[in-house]
Amino acid sequence: MSDRTPIIAGNWKMHRDHLEAIQLVQKLAYHLNEVDYEGQEVVVCPPFVALRSIQTLIQSDKLPIGLGAQNCHPEDEGAFTGEISVPMLARLDVSYVICGHSERRALFGETDADVAAKARAVQRHGLRPVLCVGEVKEEREAGRAVEVVVSQLRGSLDGLTIDDPDALVIAYEPVWAIGTGLTATPDDAQEMCATIRAELGERVGSQIAAAMRIQYGGSVKPGNIRQLMAQPDIDGALVGGASLSSEDFALIVGHRR
Ligand code: 13P
């Protein structure tokens, strides 16, 4: 067992309006026991428009649930119609910002340089990036998964300060496993997470890398969370579809019961 505090986060993507979001978090809190929060972090990443409502709910009910955003703009303010800045997120008690999710890379053209700029902005304001990397199916089949992930990691970490292992969370999300029901085998996920940790070691030193958290994401469900979490280099999960069900997400968070 490592002394890294696991982090289980739900990435809701573009699902749930703010009223549904409140209900989802209320139900999640109902399903979770005090012990489920002990020794691990539980985070929800709703759409921007639900952040304020959930912030209020977390505060008023004193819920030990953290708040994450799914994206941000790298600048603090300016003429960027439709964008949301990190200072705005900070005011909503957001602690984590997902940077470089594969959907943003593939559908919105985000490059490693864009991801790095966003992650730097997140750090500048004292929040933590959850930096996503992962290969597509063709790259894995061609035996290029490690090369692709290492290259994404290097590019996306450009200019980031990592003198504290808690400054950043990495999420390994093989693209072929996202929303497909295909999960990487625990062995494959472990192998890549160990590779990521070794690469982080090159960048920040092995001591800090050993204390950094690396999540796995891609069709994480109540039925596979235990095996994934049992892997020595997997320190949590970034959960998509299953985080939209309060029952399933509670089972995932409560996998140690
Ligand atoms: P699924 O859990 O739906 O596969 O999504 C994973 C993901 O993209 C989390 O960021």
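Details of the structure are given in the entry above.
Please read all numbers here as calculations on a predicted model, not as lab measurements.

> Teacher, can you tell me more about helix 9 (residues 186-204) here?
Residues that lie three or four places apart on an α-helix share one face, since the helix turns once every 3.6 residues. Given a rise of 1.5 Å per residue, 19 residues ought to cover 27 Å, and the 26 Å separating the end C-alpha atoms of helix 9 matches this to within 8%. Taken as a whole, helix 9 has its buried residues at Pro186, Ala189, Gln190, Met192, Cys193, Ile196, Arg197, Glu199, Leu200, Gly201 and Val204. Just past helix 9, the residue Gly205 takes up positive phi, approximately 95°.

> Where do I start with the pairing of strand 2 (residues 41-45) in this structure?
The side chains of a regular strand alternate, first on one face of the sheet and then on the other. The buried fraction of strand 2 amounts to four of the five residues, a majority that puts the element mostly inside the structure. By the bridge criterion, five bridges tie strand 1 (residues 7-11) to strand 2 in an arrangement that is parallel. By the bridge assignment for strand 2, Ala9 is matched with Val43. As paired elements, strand 2 and strand 3 (residues 66-69) share two bridges and run parallel to each other. Opposite Val43, over in strand 3, you have Gly66 as the bridge partner. Regarding the hand of the β-α-β motif, the stretch spanning strand 2, helix 3 (residues 48-60) and strand 3 is right-handed.

> Honestly, the packing of helix 1 (residues 18-31) against helix 12 (residues 246-253) in this entry has me stumped. Any pointers?
For any two helices packed against each other, one specifies the inter-axial angle together with the distance between the axes. For the pair helix 1 and helix 12, interaxial distance at closest approach is 9 Å and the crossing angle is 45°. Relative to helix 12, helix 1 is oriented oblique. Remark: the crossing between helix 1 and helix 12 carries right-handed chirality. Here Leu24, Lys27, Leu28 and His31 of helix 1 lie close against helix 12, whose contacting residues are Ser246, Glu247, Phe249 and Ala250. Of the residues contributing to the contact of helix 1 with helix 12, the split by class is four nonpolar, two polar and two charged.

> Even after reading the chapter, I still don't get the site of the ligand, so can you show me in this structure?
By nearness alone, every residue bordering the ligand is listed as Asn11, Lys13, His101, Glu173, Ala177, Ile178, Gly179, Gly218, Ser219, Leu238, Gly240 and Gly241. Gly240 places a polar main-chain atom, nitrogen or oxygen, 2.9 Å from an oxygen atom of the ligand. Starting from 310 Å² of accessible surface for the ligand in isolation, the protein chains cover 97%. By residue class, the composition of the shell around the ligand is three nonpolar, seven polar and two charged.

Criteria and cut-off values
Per-chain numbering applies: the sequence of each chain, read as written, is numbered from 1 onward. Predicted model: local features are reported for residues with pLDDT of at least 70 only, side-chain atom pairs are reported and counted for 80 or more only, and whole-chain, interface and lining totals are derived from all residues. Where side-chain values are given, they derive from all heavy atoms of the structure, hydrogens and water being excluded. Numbering of helices and strands starts at the N terminus; helices are DSSP runs of H or I of at least 4 residues and strands are runs of E of at least 2. Given a helix with a known number of residues, its expected span is that number minus one, times 1.5 Å. Type-normalised accessible area, obtained with a 1.4 Å probe on protein chains alone, sets the label of each residue: buried when under 20%, exposed when over 50%, and partly exposed for intermediate values. Pairing between strands is defined by DSSP: at least two bridges between them are needed. Clockwise travel from the first strand over the helix to the second, with the strands pointing away from the viewer, marks a crossover as right-handed. A fitted line through C-alpha atoms serves as each axis, taken over the contacting stretch for helices, and the angle formed by two N-to-C directions is quoted from 0 to 180°. Working rule for angles: under 35 degrees goes down as roughly parallel, over 145 as roughly antiparallel, 65 to 115 as roughly perpendicular, anything else as oblique. Should the near helix be turned counterclockwise from the far one by less than a right angle, the crossing is left-handed, whereas a clockwise turn marks it as right-handed. Any two residues having at least one pair of non-hydrogen atoms within 4.5 Å are treated as being in contact. Classes in brief: Ala, Val, Leu, Ile, Met, Phe, Trp, Tyr, Cys and Pro nonpolar; Asp, Glu, Lys and Arg charged; the others, Gly included, polar. Nearness is judged by heavy atoms alone; a residue qualifies as near a molecule or strand once a single heavy atom is within 4 Å of it. Definition of a polar contact: a pair of N or O atoms within 3.5 Å, with one able to donate and the other able to accept a hydrogen when the atoms are protein atoms, and with sequence-neighbouring residues admitted only if both atoms are side-chain atoms. Surface accessibility in these figures is a Shrake-Rupley result with a 1.4 Å probe; residues are shielded only by whichever protein chains are displayed.

Function cannot be inferred from these measures alone, as they are strictly geometric.
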